[in-house]
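# Report on the structure
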Amino acid sequence: STFIGSLSAAMLLTTVNAIAKPHGKHSYKGDRGKHHYTGGRTTHKFKRLDVNSDQILTLAEFTALVSNQAKRKFAHKDANNDGFLSLVEVTTSRYGKTRPDHSAIAQKITQCVADLKNTTSNSNIIVPKADKFASPQAKFNRVDTSGDGMLDQKEVEASTLAKKTTAFNTIDSDGNRQVTLAEYQKHHTTKKATRRAIKHCIRTTNATNTTSTSTNTTTAITFIQALNTKSRHLPTFVSKESKGYRP
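Residues numbered from 1 in each chain as written. Predicted model: local features only at pLDDT ≥ 70, side-chain atom pairs only at ≥ 80, totals over all residues. Heavy atoms only, no water.

## Some thoughts on the packing of aromatic side chains
In the structure shown here, the tally under the stated rule is two aromatic pairs. When the ring of F46 is compared with that of Y184, the centres are 5.6 Å apart and the planes differ by 65°; the resulting orientation is edge-to-face. Of the two residues, F46 sits in helix α2 (residues 40-49) while Y184 sits in helix α9 (residues 181-211), which places them 138 residues apart along the sequence. Residues F46 and Y184 agree in their burial class; the two are buried. Consider the rings of F62 and F168, whose centres lie 5.7 Å apart with planes at 55°: the pair is tilted. Of this pair, F62 sits in helix α3 (residues 59-62) while F168 sits in helix α8 (residues 153-171), and the two are 106 residues apart along the sequence. (Phe/Tyr/Trp six-rings, centres within 6.5 Å; stacked < 30°, edge-to-face > 60°. Helix = DSSP H or I, 4+ residues; strand = E, 2+ residues; numbered from the N terminus. Buried < 20%, exposed > 50% of the residue type's maximum accessible area, 1.4 Å probe, protein only.)

Okay, structure coming up:
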């Protein structure tokens, strides 16, 4: 009906805007405190890394804290204080929860992110490779270069340094081995948009598997299809108000 079609279009627009735009008048979702305004928190992080205050980050500056970061991470994860990390220690959070394994739905997640990028026309969303969602065991094995089934502090530090170096090269968009504030801020915006898209797709993909609905329910477009067909299994991004609506 005309009423359902109008409501569907309005809900799709709301969904797209929620994914594509920041929340709040002056900030993005998650920012708090004295660096609440857009860009303030990112600028603060940049200045903290820029130890010589020349408005440029070198690889040395960007990775200067790797050793301390790796030591803190290792100490936090080493629950039994034996100087090694097991797979269980690495994959268990501080709250006792086990890190989820998304390897079985990796392809669906990447396809969902690609669809979401096209649907929202959000150029900041970067479609990840399926390898990003490798199993915890596979990720553990990459760090465990000795192959002994345990991680020592050197292996954790080497892995952290490798990740930081890769991140630096990604942020350095012009490849001149220097990162400007503009590049740093752009990367932050891209990273945030991509993270939100991935989280959304993981939720909707898991919901799709649970309810055994169509594999296409991961995109905003499917919301209209579900509403028009009076589906009982709406995507997880539906608001509380719209869940209560029955056409």
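## A word on α8
Helix length check: α8, at 19 residues, gives a terminal C-alpha distance of 27 Å against a target of 27 Å (1.5 Å per residue), a fit within 8%. Of all the residues in α8, the buried ones are E155, V156, S159, T160, F168 and I171. The N-capping residue of α8, defined by a side-chain oxygen 3.2 Å from the backbone nitrogen of K154, is D152. (Expected span 1.5 Å × (residues − 1). Polar contact = N/O pair within 3.5 Å; in protein donor to acceptor, adjacent residues only side chain to side chain.)

## So, the nonpolar core
Core analysis: the largest hydrophobic core is formed by 13 residues, its most contacted members being I109, V113, I125, F133, A197, I198 and C201. Elements with a minimum of two residues in this core: α6 (106-120) and α9. The contact partners of V113, leaving out residues within four places of it in the chain, are I125, I126, V127, P128, A197, I198 and C201. (Core = buried A, V, L, I, M, F, W, Y, C linked by side-chain atoms within 4.5 Å. Contact = heavy atoms within 4.5 Å.)

## Quick notes on the state of the cysteines
This model, assessed by the stated rule, comprises one disulfide. The partner cysteine of C112 in its disulfide is C201, sulfur to sulfur 2.1 Å. When the S-S torsion is -80°, as for the bridge of C112 with C201, the disulfide is left-handed. On the criterion of sequence distance, the pair formed by C112 in helix α6 and C201 in helix α9 is long-range, its members being 89 residues apart. The buried category is assigned to C201, whose relative accessible area is 0%. (Disulfide = S-S within 2.5 Å.)

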